[in-house]
Amino acid sequence: MTRLVPQPIAHAMMPLPVHDAHAREDFIVGLKLHMMAHAYPYDELVYERRAKPKFVKEHGRAPENCDEVHALMMGDDFTKMWSGIARAAQEMLWANEGKIAARDMPRIAAEARKLSAAPKGTLTLDPDFEMPRYVEAVDIHCMPGGYQTSLSDDDLHAGAMYERGSYYYTTGMAGRLRDGGGKGTVAAIKKFFPDFEPKRILDVGCTTGGATMPLVDAWPDAEVHAIDVGAAILRYAHARAEALGRSVHFSQQNGECTNFEDRDFDLVVSGGMFHETSSKAARNIVKEMHRVVRPGGVVMNQDIPYGGDYSLHDQFMLNWDCYYNAEPFWRQWTAINRTDLLNDAGFDRTNIVESWAGRDAAGTFSFFDAPFDESFPSTGGGIGRVQFFGAQK
Ligand SMILES: C[S@@+](CC[C@H](N)C(=O)[O-])C[C@H]1O[C@@H](n2cnc3c(N)ncnc32)[C@H](O)[C@@H]1O
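What comes next is a walk through the structure.

### Some details on the site of the ligand
Reasoning step 1: Close contacts around the ligand come from 26 residues, with Tyr147, Gly205, Thr207, Ala211 and Gly255 the closest.
Reasoning step 2: Those elements that place two or more of their residues in the shell around the ligand are β3 (223-228) and α11 (279-292).
Reasoning step 3: Here the shell around the ligand is built from residues that sort into 12 nonpolar, 10 polar and 4 charged.

Below, the structure written as structure tokens:
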């Protein structure tokens with residue numbers, strides 16, 4: 001049978017579905033792809049041809065900010081229709097992935113125990129760790145239990161659910177090993193700093209380490225560290241890295257205040273983390289990155305783009321997740337200018353780099369120098385487009 005999206009690579013820690021659960025994955029990913037091709041791109045047309053003229057007739061002027069566009073579009077039957085389906089698809093996705101992970105857990109846990117016998121990397125959890133409120137209070141992007149849940153000393157569930165679920169969430173664009181984001185980060189570093197050869201690397205907000213592996217592969221002599229706040233996802237990340245034969249040192253730490261020394265790393269990266277933190281935390285994390293990177297070292301981040309240059313309707317589409325997909329910090333994040341953010345944390349403006357990129361259906365990044373490129377139209381959920389922003393200290 002031809003599948004719309006191939007299955008993720010079945011490494012030893014990958015949750016494996018029974019037939020019906022896999023059929024549900026196929027249905028959900030098909031629905032998401034259908035929406036991306038046949039619903040989201042038409043919302044702008046509905047705005048221009050139907051909703052905006054109605055607004056102008058009532059108010060004697062066009063909408064002036066994205067809140068007005070939001071209220072207007074959520075009153076239109078077309079937008080209400082796709083919005084409801086998009087939310088339902090997200091809830092179905094996680095309900096299915098949670099069951100797949102739970103059903104396969106005895107095998108996954110046994111694999112993790114086997115892999116812990118002779119590890120290449122390390123795992124350091126902090127029994128007194130204080131979960132940041134912006135993580136603890138949210139089941140982010142409708143994922144039950146979020147990143148924060150760890151129900152026992154050997155719980156792996158949040159990591160297992162995220163590992164398979166995030167692949168289907170991104171309709172496979174993250175790559176069959178979920179290494180697409182990390183490969184993009186490596187490509188961005190090589191684009192801006194071609195001769196840079198880091199020896200000590202830190203990945204902040206690594207989740208299950210999908211984007212950490214390409215760092216290990218790009219600089220095989222480097223010592224790679226990865227931190228996150230969730231104990232269950234870190235246990236899973238450690239076992240996953242061992243299953244893939246990579247050496248990574250995982251630890252449970254808040255990126256706002258780590259225990260690393262000043263100037264400890266040559267390279268510090270993050271992928272997809274900032275839009276899930278409060279704006280205060282985002283500022284603290286960039287300051288901490290500045291503290292732990294050595295002079296001459298590099299910081300490179302990848303996340304949802306700054307929305308300030310977008311049209312009002314594009315801002316509405318870009319920020320949909322904030323209101324309907326349990327991403328409460330998303331909109332604050334799209335309002336933050338990335339060069340200002342890095343500069344405020346201590347990086348010199350002349351050393352700051354920004355680039356935009358689009359991921360095609362196969363997950364390959366193309367870089368472009370301006371926020372927009374018509375070959376990568378915005379999709380609901382911001383999945384296709386990302387922004388890289390970094391600096392040399
Ligand atoms: C979207 S995920 C990142 C995805 C990951 N980089 C990957 O490639 O799979 C965001 C991660 O950031 C983590 N996070 C949020 N706030 C954090 C903080 N203050 N310090 C460290 N990690 C944090 C979350 O727990 C979550 O695992």
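### Overview of the packing of helix α4 (residues 77-103) against helix α7 (residues 157-169)
Packed helices, taken two at a time, are described by their axes: the angle between them and the distance between them.
Reasoning step 1: Contact pair α4 / α7: the axes reach a minimum separation of 9 Å and the direction vectors enclose 135°. The angle between the axes of α4 and α7 places the two elements in the oblique class. Crossing angle aside, the handedness with which α4 passes α7 is right-handed. Between α4 and α7, the residues in contact are Leu93, Trp94, Glu97, Gly98, Ile100, Ala101 and Ala102 and His157, Ala160, Met161, Arg164, Gly165, Tyr168 and Tyr169, respectively.
Reasoning step 2: Along the lines of polarity and charge, the residues of the contact of α4 with α7 split into 9 nonpolar, 3 polar and 2 charged.

### A few points about helix α1 (residues 19-38)
Reasoning step 1: The end-to-end C-alpha distance of α1, which contains 20 residues, comes to 28 Å, matching closely the 28 Å that a straight helix rising 1.5 Å per residue would cover.
Reasoning step 2: Taken residue by residue, α1 has Glu25, Ile28, Val29 and Lys32 as its buried positions. Across the axial projection of α1, the buried residues extend over an arc of 95°, all falling on one side. Those residues of α1 that are exposed and angled more than 90 degrees off the buried face are His19, Asp20, Ala23, Ala37 and His38.

### Some remarks on the packing of α7 against helix α10 (residues 231-243)
Reasoning step 1: Running from N to C, α7 and α10 point in directions that differ by 65°, and their axes come no closer than 6 Å. Taken as a pair, α7 and α10 cross one another with a handedness that is right-handed. Between α7 and α10, the residues in contact are His157, Ala158, Gly159, Ala160, Tyr162 and Glu163 and Ala232, Ile233, Arg235, Tyr236, Ala237 and Arg240, respectively.
Reasoning step 2: Taken together, the residues that form the contact of α7 with α10 break down as 7 nonpolar, 2 polar and 3 charged.

### Comments concerning the nonpolar core
Reasoning step 1: Core analysis: the largest hydrophobic core is formed by 79 residues, its most contacted members being Ile233, Tyr236, Ala237, Val268 and Met289.
Reasoning step 2: A total of 8 residues in this core trace back to one element, the largest contributor, which is α10.
Reasoning step 3: Beyond its immediate sequence surroundings of up to four residues, Val268 is in contact with Leu202, Val204, Met289, Val292, Val293 and Val299.
Reasoning step 4: Core analysis: the next-biggest nonpolar cluster, separate from the first, contains 10 residues, Val69, Met73, Phe316 and Trp320 among them.

### Some remarks on the pairing of strand β5 (residues 265-271)
The side chains of a regular strand alternate, residue by residue, between the two faces of the sheet.
Reasoning step 1: Burial runs high along β5: 7 of the 7 residues are buried.
Reasoning step 2: Sheet topology note: the strand β2 (residues 200-204)/β5 ladder contains 4 bridges and is parallel. In the sheet register, Ile201 faces β5, and the bridge partner there is Leu267.
Reasoning step 3: Crossover connection from β5 via α11 to parallel strand β6 (residues 293-303): handedness right-handed.

### With respect to unusual backbone geometry
Reasoning step 1: For Arg263, which is not a glycine, the phi torsion comes out positive at approximately 55°.
Reasoning step 2: Structurally, Arg263 can be placed in the loop between β4 (249-252) and β5.
Reasoning step 3: For Arg263, a count of 14 C-beta atoms within 10 Å gives the class partly exposed.
Reasoning step 4: Phi angles above zero are rare outside glycine, and Ala326 is one such case at about 50°.
Reasoning step 5: Its place among the elements puts Ala326 in the loop between α13 (320-324) and α14 (330-334).

The rules behind these values
- Residues numbered from 1 in each chain as written.
- Predicted model: local features only at pLDDT ≥ 70, side-chain atom pairs only at ≥ 80, totals over all residues.
- Near = placed C-beta within 6 Å.
- Helix = DSSP H or I, 4+ residues; strand = E, 2+ residues; numbered from the N terminus.
- Nonpolar A, V, L, I, M, F, W, Y, C, P; charged D, E, K, R; others polar.
- Axes fitted to C-alpha atoms, helices over the stretch in contact; angles between N-to-C directions.
- Parallel < 35°, antiparallel > 145°, perpendicular 65-115°, else oblique.
- Left-handed = near helix turned anticlockwise from the far one by under 90°.
- Contact = placed C-beta atoms within 7 Å.
- Expected span 1.5 Å × (residues − 1).
- Buried ≥ 20, exposed ≤ 12 C-beta atoms within 10 Å, placed from the backbone.
- Arc of directions from axis to C-beta.
- Core = buried A, V, L, I, M, F, W, Y, C linked by C-beta atoms within 7 Å.
- Pairing = 2+ DSSP bridges.
- Right-handed = clockwise from strand over helix to strand, strands pointing away.

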